[in-house]
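Residues per chain are reported as follows:
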Protein chains: 2
Amino acid sequence: MPELRIALAQVDTCVGDLDANSATVVEWTRRAAEAGADLVAFPEMTLTGYPIEDLALRGSFRRAAWDAAADVATRLAQDGLGNLTVVFGTVGTSGTGRAHVGAAHELPTNRAVVVRDGAVVTSYDKHHLPNYGVFDEFRIFEPGTDPCVVDVGGRRVGLLVCEDIWQDGPTAQVADAGADLLLVINGSPFEEGKEHQRTELAARRAAQVGAPLAYVNMVGGQDDLVFDGGSFVASPDGEILATAPRFDEHLLLWTLPEDDAPLLRTEVTAELDPDELVYRACVAGLAGYVRKNGFRSVALGLSGGIDSALVAVMAADAIGGENVVGVSMPSRYSSGHSKDDAADLAERIGATYRVQPIGPVVESYEAALGLEGVAAENIQARVRGNILMALSNTDGHLVLATGNKTELAVGYSTVYGDAVGGYAPIKDVDKSRVWALARWRNNAALDRGEIPPIPESSITKPPSAELRPGQVDQDSLPPYDLLDEVLDAYVEHAEGRADLLARGFDPAVVDKVLSLVDRAEWKRRQYPLGPKVTALAFGRDRRLPVTSRWREA
Amino acid sequence: MPELRIALAQVDTCVGDLDANSATVVEWTRRAAEAGADLVAFPEMTLTGYPIEDLALRGSFRRAAWDAAADVATRLAQDGLGNLTVVFGTVGTSGTGRAHVGAAHELPTNRAVVVRDGAVVTSYDKHHLPNYGVFDEFRIFEPGTDPCVVDVGGRRVGLLVCEDIWQDGPTAQVADAGADLLLVINGSPFEEGKEHQRTELAARRAAQVGAPLAYVNMVGGQDDLVFDGGSFVASPDGEILATAPRFDEHLLLWTLPEDDAPLLRTEVTAELDPDELVYRACVAGLAGYVRKNGFRSVALGLSGGIDSALVAVMAADAIGGENVVGVSMPSRYSSGHSKDDAADLAERIGATYRVQPIGPVVESYEAALGLEGVAAENIQARVRGNILMALSNTDGHLVLATGNKTELAVGYSTVYGDAVGGYAPIKDVDKSRVWALARWRNNAALDRGEIPPIPESSITKPPSAELRPGQVDQDSLPPYDLLDEVLDAYVEHAEGRADLLARGFDPAVVDKVLSLVDRAEWKRRQYPLGPKVTALAFGRDRRLPVTSRWREA
């Protein structure tokens, strides 16, 4: 049996942009051809982007996507690339739909198509439709049932889509049919620690088939998901034979050797530090949102605190500091060091820096309304939100919300105030991790001989919202290290009050935190999108009623 | 065979409030006993409230709900009600879970329990888990597979839950087992026109079993859903034998006659006018949100326009005019008649009326930022939003957003401005329908000899946002009757551009409307909750990516 040269095209495509996504498939197929590949594989739903959500239910979109797939086949042949076998994902249409009352008769499928010699030669509809966590695929797709093993240059290639290897069944079908290679195309979003699950699972599936497994994953940000790439080839005996980098587009080449020659280990990239992974996921999510939504610049409030500093540096890393507008909006309660730290940060990252004191506007509200307490605190945050939105209306910036996951959990933010914006880069990063990422980023700069972007005092000073004299966060909240531990157990691991007490947490702290979390659901519903980086993010990953009287206590 | 006296308890329970919901089951069982019932049936997931969403994934909640079910059985027996057979819904736990990697081994079910003589005598797990539209049940529940036919006083009662009659299979199981009555417990949310689907389907299922079907549905608002009750009994030959009112709690009594005696037609309520149904659905949604979230009052901006007038009247109908705070926030562009109409409305409905001119605050922003164009328009809306939120912070009001579905569709609103609030009562009512509901409500008042609550000029004048001199909505938008037709086709029926042109719409209008709709997704994501009243509401019913370059043109 001849050798088979494989290219895994780890690309970033945009939901709905059929023309650009088609061009990406043609362009990367050309690169694969130049690198001598026989087979090139693209990620799940490359042509449509992923996830398309209820766009799947729009007939005009499905028809256009299907026309685009046929058109890609034609263009590849016209460009002299018809001899390659090209596998990419798109939306298909099932002839028979589920029989629920009122449903359309033709339902969409999550399809992998195989293209060669100017035509779609076969296709495979994903069997297992994930419908947990961030996934809603059972909602929109009809499952496939048939396996797909295709001959490519005399070798048998079994084809699966993403969740199909996370469940039993589809791999067994390929094993029964017999295959020289198991090819899996994926849209697997980043979450911390998931990469080891992927490679261990892939090795197990390779052993099941008795053939190597090639895993191609997409890269890039799409709303609240970040796809981290990290495509790889795993051998049946559990060895990782080749890996692509994380978060960057890449063409990973690997050769299935002839006959029973030994499997070769080629390019294997080093693992990244956990903080670097999370940091880069946030940057990728932000960069994708900015670019795909047609923004050229971002604006955010710079308070001198750690959250806004970290978000500003992420933004500079995502789109260049020259496209970042940092706005200092001091009030009568803002400390001198806060203003200095904000200016210092902006200078370090090359951002445009603007100072817009809020005093006169706040006073005009006070004169009109005579505000006290929470109302007086919130109005300051809302004036700042209005200023940022006014700058956005005038200059077209995307406004970034700088809230972290801890704040979001306990509702320690002002809705329509610091919560304004189109994207919230650290909404799934808890406060403890915010500090860790800031330190990691500064150290990374030092390692490269650069100036650390975040002023040290922004990292070391006690956090404060500065909405009243001498206020610090710890006036209202437990210490962040304790708070984040409780939140991790209650939110991410869904532990009950009894479990929390059994871990030794103070009942008063537990009751306070749980109550804050439960009552903040309405604020979270109106919060901007931001990238999921943990196993359980707020938003589509954790769907709770706003109206709920369930209390653990 | 003896006769069987049935009571359908059409009640309103709150998500998560196990204590209060348990008390409701005991109390309404007592009423049923007093009315001579042998069997009393409560809606789907009565004990937990519905829908519980990801609360189902919390073990502490599932255990508490199961304990509550057992406790209800005990209390009923203690109260001398053990001789009744009581059917109610709650969350169950399946012994075997779906086998996806990382899933919990015990998964929740959507369960109907049958209680008698102080114990749970049997239970039924819903087979068909709706996962389309507003429903996410496949996400959180494990399906049941076994039928449940229970003997009650010598009669065989087949038990199903809601979606089980909308799909084939479960009814056939009951028919095969044989039953004298098919009892279906439901959490079926309101949407316009659905009541006829329900009754026609029920009659078909009754014919399939050859026995009458008793359908009990919940009432009340839960976040973006409104349950409209309308419980009924259908005969196998398609006759509706008894009906409960819409939207109100009610105990519907009906007797299954002995042996082959003819089925009796008892209380059958008149159908409501379509405008009344939608109006009452909005009121029920709002009333439920206010009460279940512990608010006592609402605040909203009164512009003198039709949207805020309609919402204010709905609020007065929901919680009493004395608990409504209407705030007129005139600017230099507000017309005299607008202010007069707002004051007139507040007086008619007995609302607290407050005038808070925004001029000085807007000027303070202009002095600080020098605003023009959209920025200058939006700041006015945002100052109004801030004022309402400040009043909420001070006095605890729930702020109502007054945007309608047409505005939401085309993004004709200011995010963080007129879009602020915790609930948006008419977000699923298009502008054409807003006028119709206003006219219906005024006529309903006239029919009762009351003063029509909405000033006639609020209904008849050309709509205007009054954010610049002489502005009217039709400067920026097609006429509302045309706009609403295009939106209905594009949004609710997911028609493509070609379909729209084939209907004869002007291509320029179509392209403009489609572009506005597609670009407003990010605003809709941050909009408050509001009640679904149409077949396709924005929000959980229509889930589209924010980042999408799909354009029909």
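Quick caveat: nothing in here was measured; it's all calculated off a predicted structure.

**Quick look at the UniProt feature "binding site: ATP" (unreviewed entry) in chain A**
Residue and element names in this part refer to chain A.
Logical step 1: Under the feature "binding site: ATP" (unreviewed entry), the UniProt entry names Gly 301, Leu 302, Ser 303, Gly 304, Gly 305, Ile 306, Asp 307, Ser 308 and Thr 402. These annotated residues cover 102 residues of sequence, but their C-alpha atoms sit close together, with the largest distance between any two at 12.0 Å.
Logical step 2: Note on placement: Asp 307 falls in helix 8 (residues 306-319).
Logical step 3: You can call Asp 307 buried: its relative accessible area is 9%.
Logical step 4: Dropping the residues within four chain positions of it, Asp 307 is found in contact with Thr 402, Asn 404, Glu 407, Ile 426, Lys 431 and Val 434.
Logical step 5: As for its placement among the helices and strands, Ser 308 is situated in helix 8.
Logical step 6: Residues within four places of Ser 308 in sequence aside, it is in contact with Leu 300, Gly 301, Leu 302, Ser 303 and Thr 402.

**Concerning the pairing of strand 11 (residues 225-228) of chain B**
All names here are of chain B.
Logical step 1: Residues Leu 225 and Phe 227 of strand 11 are buried on one face, and the alternating residues Val 226 and Asp 228, pointing to the opposite face, are buried as well.
Logical step 2: With four bridges connecting them, strand 10 (residues 219-222) and strand 11 associate as antiparallel partners. Paired with Gly 220 across the bridge in strand 11 is Phe 227.
Logical step 3: In this antiparallel pair of consecutive strands, strand 10 and strand 11, the connection spans two residues, and Asp 223 shows a positive phi of 55 degrees.

**Looking at the domain arrangement of chain A**
Residues and elements named next belong to chain A.
Logical step 1: One can read the domain layout of chain A as domain 1 (4-271) and domain 2 (277-525).
Logical step 2: Taking only C-alpha atoms into account, the centre of domain 1 sits 38 Å from that of domain 2.
Logical step 3: With 13 residues of domain 1 at the contact, the number on the domain 2 side is 12 residues.
Logical step 4: Taking both sides of the interface into account, the surface hidden between domain 1 and domain 2 amounts to around 1,100 Å²; carbon and sulfur atoms contribute 56%.
Logical step 5: Taken together, the links from domain 1 to domain 2 amount to four salt bridges.
Logical step 6: As a salt-bridge pair, Asp 12 and Lys 292 come within 2.7 Å of each other at their nearest N and O atoms.

**Side note on the UniProt feature "binding site: deamido-NAD(+)" (unreviewed entry) in chain A**
Logical step 1: With numbering aligned to this structure, UniProt lists the feature "binding site: deamido-NAD(+)" (unreviewed entry) at Asn 378, Glu 407 and Lys 523 of chain A.
Logical step 2: In this structure Asn 378 of chain A comes out as buried when scored by relative accessible area, which is 12%.
Logical step 3: With residues up to four places along the chain from it excluded, the contact list for Asn 378 of chain A reads Thr 414 of chain A together with Asn 393 of chain B.
Logical step 4: On the secondary structure map, Glu 407 of chain A appears in helix 12 (residues 405-410).
Logical step 5: Exposure remark for Glu 407 of chain A: the relative accessible area of 12% places this residue in the buried category.
Logical step 6: Apart from residues no more than four positions distant in its own chain, Glu 407 of chain A is found in contact with Asp 307, Tyr 412, Ser 413 and Asp 418 of chain A.

**Quick notes on the relation of the copies chain A and chain B**
Logical step 1: When chain A is brought onto chain B, the operation consists of a screw motion whose angular component is 180 degrees and whose axial shift is 0.0 Å, with 0.0 Å RMSD remaining. The relationship between the two copies is best expressed as a two-fold rotation axis. For chain A, the minimum C-alpha distance to the rotation axis belongs to Gln 526 of chain A and amounts to 2.1 Å.
Logical step 2: The overlap is high: 100% of the interface residues of chain A also sit at the interface in chain B, so the same surface is used on both sides.

**Comments concerning the nonpolar core**
Logical step 1: Formed by 74 residues in total, the largest nonpolar core has its most connected members in Leu 400 and Ile 454 of chain A.
Logical step 2: Taken together, the elements giving at least two residues each to this core come down to helix 7 (274-292), strand 15 (298-301), helix 8, helix 9 (336-349), helix 12, helix 13 (431-447), helix 15 (480-492) and helix 17 (507-519) of chain A.
Logical step 3: Counting residues in each nonpolar core, the second largest holds 73 residues, with Ala 316, Trp 440, Phe 505 and Val 533 of chain B among its members.

Calculation rules
Residues numbered from 1 in each chain as written. Chains lettered and ligands numbered in written order. Predicted model: local features only at pLDDT ≥ 70, side-chain atom pairs only at ≥ 80, totals over all residues. Heavy atoms only, no water. UniProt positions renumbered as here; feature names shortened; annotations may be inferred. Helix = DSSP H or I, 4+ residues; strand = E, 2+ residues; numbered from the N terminus. Buried < 20%, exposed > 50% of the residue type's maximum accessible area, 1.4 Å probe, protein only. Contact = heavy atoms within 4.5 Å. Pairing = 2+ DSSP bridges. Domains from an automatic or database assignment. Buried area = accessible area lost by both parts, 1.4 Å probe. Salt bridge = Lys/Arg side-chain N within 4 Å of Asp/Glu carboxyl O. Least-squares fit on C-alpha atoms with pLDDT ≥ 70 in both. Core = buried A, V, L, I, M, F, W, Y, C linked by side-chain atoms within 4.5 Å.

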